[in-house]
Amino acid sequence: MKNKKIIAIIKFSILIFIIVGIPLYLYLFQWDWLKQFADVNKIKAFFQANEATMIPLYILFQILQIVISIIPGQWLQIGFGYFYGIMSTLALSLIGAFIGSIISYYLSRYLGRDALRVLVKPEKVGGIVEKLKTKKALIFIFLIYLIPGLPKDLCNYAAGIAGINLKLFLIVSMIGRTPGMLGSIIIGHQINAGGYLTAIIIASVATILFLVSAIFHKKLSAWIDRISAD
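Here the structure is a predicted model, which means the values were calculated and not measured. (Residues numbered from 1 in each chain as written. Predicted model: local features only at pLDDT ≥ 70, side-chain atom pairs only at ≥ 80, totals over all residues. Heavy atoms only, no water.)

## Details of helix 3 (residues 40-49)
Those residues of helix 3 that fall on the buried side of the exposure criterion are Val40, Ile43, Lys44 and Phe47. Down the axis of helix 3, the smallest arc covering the buried residues is 100 degrees, so these residues share one side. Projecting away from the buried face of helix 3 at angles above 90 degrees are the exposed residues Asn41 and Ala49. Contacts made by the buried residues of helix 3 are with helix 4 (54-67) and helix 5 (73-81). (Buried < 20%, exposed > 50% of the residue type's maximum accessible area, 1.4 Å probe, protein only. Helix = DSSP H or I, 4+ residues; strand = E, 2+ residues; numbered from the N terminus. Arc of directions from axis to C-beta. Contact = heavy atoms within 4.5 Å.)

## Details of the packing of helix 3 against helix 5
Where helix 3 meets helix 5, the closest approach of the two axes is 9 Å, and the angle between their N-to-C directions is 55 degrees. Looking at the two axes, helix 3 sits oblique to helix 5. Relative to helix 5, the crossing made by helix 3 is right-handed. Contact residues: helix 3 offers Val40, Ile43, Lys44 and Phe47, while helix 5 offers Trp75, Leu76, Ile78, Gly79 and Phe80. (Axes fitted to C-alpha atoms, helices over the stretch in contact; angles between N-to-C directions. Parallel < 35°, antiparallel > 145°, perpendicular 65-115°, else oblique. Left-handed = near helix turned anticlockwise from the far one by under 90°.)

## Focus: the environment of isoleucine 103
With respect to the helices and strands, isoleucine 103 occurs in helix 6 (residues 86-119). Separated by 53 residues in sequence, isoleucine 103 and asparagine 156 place their C-alpha atoms 8.8 Å apart. Excluding residues within four positions of it along the chain, isoleucine 103 makes contact with Ile63 and Val67.

## A short note on the nonpolar core
Judged by nonpolar contacts, the single largest core of 21 residues is most densely connected at Phe47, Tyr58, Leu76, Phe80 and Tyr157. Listing elements by their share of this core, those giving two or more residues are helix 1 (2-29), helix 3, helix 4, helix 5 and helix 6. The leading source of residues in this core is helix 4, at seven residues. Once you skip the residues sitting within four places of it in the chain, tyrosine 157 turns out to touch Leu15, Ile18, Ile19, Val67, Ser104, Leu107 and Ser108. (Core = buried A, V, L, I, M, F, W, Y, C linked by side-chain atoms within 4.5 Å.)

## Observations regarding the packing of helix 4 against helix 5
Where helix 4 contacts helix 5, the two axes come as close as 10 Å, and the packing angle between them is 165 degrees. By the angle between their directions, the pair helix 4 and helix 5 is classed as roughly antiparallel. As for the relative orientation of helix 4 and helix 5, their crossing is left-handed in sense. Contacts between helix 4 and helix 5 involve Met54, Ile55, Tyr58, Phe61, Gln62 and Gln65 on the former and, on the latter, Gly73, Leu76, Gln77 and Phe80. Partitioned by chemical class, the residues of the contact of helix 4 with helix 5 number six nonpolar, four polar and no charged. (Nonpolar A, V, L, I, M, F, W, Y, C, P; charged D, E, K, R; others polar.)

## Observations concerning helix 4
End to end, helix 4 covers 20 Å across 14 residues, agreeing with the expected 20 Å (1.5 Å per residue, within 8%). Within helix 4, 10 of the 14 residues are buried, which leaves it mostly tucked inside the rest of the structure. When we look at burial in helix 4, the residues that qualify are Met54, Leu57, Tyr58, Ile59, Phe61, Gln62, Ile63, Gln65, Ile66 and Val67. (Expected span 1.5 Å × (residues − 1).)

## Examining the confidence of the model for the protein
For the protein, the mean per-residue pLDDT works out to 74, and 70% of the residues sit at or above 70. At the level of individual helices and strands, the protein shows its lowest average pLDDT in helix 7 (residues 122-132), which scores 52, and its highest in helix 4, which scores 88. (pLDDT = per-residue confidence, 0-100.)

## What about the side chain of glutamine 77?
In this fold, glutamine 77 is placed in helix 5. With relative accessibility at 6%, the residue glutamine 77 sits in the buried group. In contact with glutamine 77, not counting residues within four places along its chain, are Tyr58, Gln62, Thr89, Ser93, Met181, Ser184 and Ile185.

## Some details on the packing of aromatic side chains
Scanning all chains against the criterion turns up four aromatic pairs. Centroid distance tyrosine 58 to phenylalanine 80: 4.1 Å. Interplanar angle 15 degrees. Geometry classified as stacked. Here tyrosine 58 is found in helix 4, whereas its partner phenylalanine 80 is found in helix 5, with 22 residues between them in sequence. Pair check on accessibility: tyrosine 58 and phenylalanine 80 agree, each one buried. Aromatic side chains tyrosine 145 and phenylalanine 169 sit 6.3 Å apart centroid to centroid with 70 degrees between the ring planes, which places their arrangement in the edge-to-face category. Separated by 24 residues along the polypeptide, tyrosine 145 in helix 8 (residues 135-146) and phenylalanine 169 in helix 10 (residues 166-193) bring together distant segments of the chain. Overall, tyrosine 145 belongs to the buried group, its relative accessible area being 1%. Three or more aromatic residues joined by ring pairs make a cluster, and in this case those are Tyr105, Tyr106, Tyr145 and Phe169. Directly above the ring of tyrosine 110 sits lysine 11, whose terminal nitrogen or CZ lies 4.3 Å from the centroid. (Phe/Tyr/Trp six-rings, centres within 6.5 Å; stacked < 30°, edge-to-face > 60°. Lys NZ or Arg CZ within 6 Å of the ring centre and 35° of its normal.)

Following this line, the structure appears as structure tokens:
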């Protein structure tokens, strides 16, 4: 029993390192490298310099952005949307997000589930897991992915630890993240086409949605409670 606890703690420590340690290291010691993901011009220059391998590189960066959540994904999508068509970029983005979501889900499921039982009293584990599997939790997940600016990709880890059905989670999360992805891609495409007004409108709408959700989060939560009870 003692050995199982030690193994569970080690596995949980590895998970914490992936979720917190790597992002913290990048933020503190690799800020210049990280900053390029928040600069559309640098992203465009990078893809131009690696034109022959642009597509697999983009998918790889999209996966990394999901697994290492500190990397901002919207600028990647804007940068790649600058070069490619809207629908092809969306397809590549969804492929990368799909793979990245599965990786982070299974990382947390393998590394975090045992720790949940070690760190929380066994009789409470079942209750926590069941709460995270409820209709309300799935609606929250959907809205987190849908609303621009919220920390979406940590949900992948929470879903894995909670043991939420992977197929259901992927359906909810992929549908929820698609409008935001599409908006970022259209912004990049419109910048390339000279449609700056369209890009500004889309960015403004995304900002307004985020501010409204932040201001009215209590009412939003109450609304979720009501529809979950139906």
